[in-house]
Amino acid sequence: PSPSLTYAIGDTINFSGSATDPVDGSIPGPQLTWQVVQHHCPGGVCHTHTYLTIADTGGSFTIPDHGDNVYYEIILTAMDSAGLTGTTSVSIHPSPTGVLTADRTSVPFGQNNVNLKFSTANVATAQVYVAANGGPDTLFASGASGSQPAGFLNSGVYVFKLYAGTSHTTLLASIAITKLNPKGGTGPAIVAAPATLSFATAATSSTQLVRSSAISFDTGDGSVGQVMLSVNGSTPQLFTASQFGTVTAPWIFSGKYVFTLVKNGVVVDTATVATTAQISSPNGTTAGGPSPNVATMVGKPVPLTFDTGSGQPAALCTQFGGLVSFSQNGAGNATSVDTTGPISYSLHTTDCGGPTVAGPLTVTAS
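In this report, the structure presented in the accompanying data block is examined. Bear in mind that the values here come from a model prediction, so they are computed numbers and not experimental data. (Residues numbered from 1 in each chain as written. Predicted model: local features only at pLDDT ≥ 70, side-chain atom pairs only at ≥ 80, totals over all residues. Heavy atoms only, no water.)

### Quick look at the nonpolar core
- Residues Leu100, Leu116, Phe140, Phe160 and Leu162 are the most contacted members of the largest nonpolar core, which totals 20 residues.
- When contributions to this core are tallied by element, the ones reaching two or more residues are strand S12 (114–121), strand S13 (126–132), strand S14 (138–142), strand S16 (156–164) and strand S17 (170–179).
- Other than its neighbours up to four places away in sequence, Leu116 contacts Leu100, Thr101, Ala102, Phe140, Gly146, Ser147, Gln148, Ala150, Phe160 and Ile175.
- Judged by nonpolar contacts, the second largest core, of 17 residues, contains Tyr7, Ala19, Val70 and Leu76. (Core = buried A, V, L, I, M, F, W, Y, C linked by side-chain atoms within 4.5 Å. Buried < 20%, exposed > 50% of the residue type's maximum accessible area, 1.4 Å probe, protein only. Helix = DSSP H or I, 4+ residues; strand = E, 2+ residues; numbered from the N terminus. Contact = heavy atoms within 4.5 Å.)

So, in structure tokens, the structure goes:
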């Protein structure tokens, strides 16, 4: 065979040869002797085993599993009618092999690091290349073996490939690492956290009416996308643009905020932040539905916080039809509660006679 032939365990190796003599002409098969010699070199110290001997124009043998550091020499000896001999040989070596592993093949959103290990056999050196999202290969590591972190995984799929030598042609192993999106999957995604905003307790100033949500997004393939924002049905405006990221929206006031992830002019995912229609009392009791909630206040003004949840103004009214405020949300003192009995507060569309948006919240004296 050609000296460039490489083998793996279990391969069948075919060999053939011929010889000529100036007097005898072609040397017949019975005068062609073949030896297959196994060279075993553990730790770089070699010894030999004769694996096969035949007399013919050719033959074959199967590569056994004899451990590492083995190669085979195929020797042909020809003898003419006068007993003179001539010898030639060729050596064949095992195919290079390699192993490429990673400590994880899925990287959660918000993280970007993975550790890779590689090792090879039957090759002096190797190279590891990486391709991001179908792009060109870039050299990542070199050597017969090694371990190296990859701290640049941002968006999409990264394929690492182990090649024998330095020619970037003989692929030994490969592994794909997927950067997960904010939803824990693959592909484009956008999420808001929290997606629903309510008042845990009554606000004491108008600045506390403004709340925030973190918007996390990933285009899923390393391309640059745009996050657009529409507030209560308004025309979408650019919020941010990048391959991926987490950006805080610290100005959520009242209603529905729709964040859309756009790639190449196409909406690929949507996240919504909505405020809850509610009235809150100072001690944390809230009224977000038809069931009464009670807060006890004794002879003092009642701090109330309210939100229509729609971004549209609504009337904050007492059960007597008295208008306290008309706004999309607010914080401040309502009427004082004395010992004459409870006062209920509700949010209504248009005016105090309109449908109830939230409440009633009943405040009683004790």
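### Comments concerning the sheet that holds strand S19 (residues 196–197)
- Pairing is mixed in the open sheet, where five strands are placed in the order S19-S25-S24-S21-S22. Where the open sheet ends on each side, the last strands, each with one partner, are S19 and strand S22 (237–242).
- Judged from the eight bridges that link them, strand S24 (residues 256–263) and strand S25 (residues 266–275) form a sheet pairing that is antiparallel. Across the sheet, Val262 pairs through a bridge with Val267, a residue of S25. (Pairing = 2+ DSSP bridges.)

### Re the sheet that holds S12
- Taken in spatial order, the three strands line up as S10-S12-S15 in an open sheet, and their pairing is antiparallel. Each edge of the open sheet carries a strand with a single partner, namely strand S10 (97–102) and strand S15 (145–150). For this sheet the average axis-to-axis angle between neighbouring strands, irrespective of direction, equals 15°.
- Both S10 and S12 contribute to a ladder of six bridges, which runs antiparallel. Its bridge partner being in S12, Gly98 is matched across the sheet by Thr120. (Axes fitted to C-alpha atoms, helices over the stretch in contact; angles between N-to-C directions.)

### Things to note about unusual backbone geometry
- Residue Pro194 is bonded to the preceding Ala193 through a cis peptide linkage, with omega at 0°.
- With respect to the element layout, Pro194 can be found in the loop between strand S18 (189–193) and S19.
- Each neighbour pair has its own omega, and for Gly359 with Pro360 the value is 5°, a cis peptide bond.
- Mapped onto the elements, Pro360 comes out in strand S34 (residues 356–364).

### Examining the state of the cysteines
- Throughout the structure, instances matching the rule amount to two disulfides.
- There is a disulfide in this structure between Cys41 and Cys46, and the S-S distance comes to 1.9 Å. Here the disulfide of Cys41 and Cys46 is right-handed, its torsion about the S-S bond being about 110°.
- We classify Cys41 as buried; its relative accessible area is 11%.
- Given a relative accessible area of 46%, Cys46 falls into the partly exposed group.
- Each disulfide pairs two cysteine sulfurs, and for Cys317 the partner residue is Cys352, the sulfurs being separated by 1.9 Å. Taking the sign of the S-S torsion, -90° for the link of Cys317 and Cys352, the bridge is left-handed. Taken together, the positions of Cys317 in strand S30 (residues 314–318) and Cys352 in the loop between strand S33 (343–348) and S34 put the pair 35 residues apart, joining distant regions of the chain. (Disulfide = S-S within 2.5 Å.)

Interpretation note: all reported values are geometric properties and have no functional meaning in isolation.
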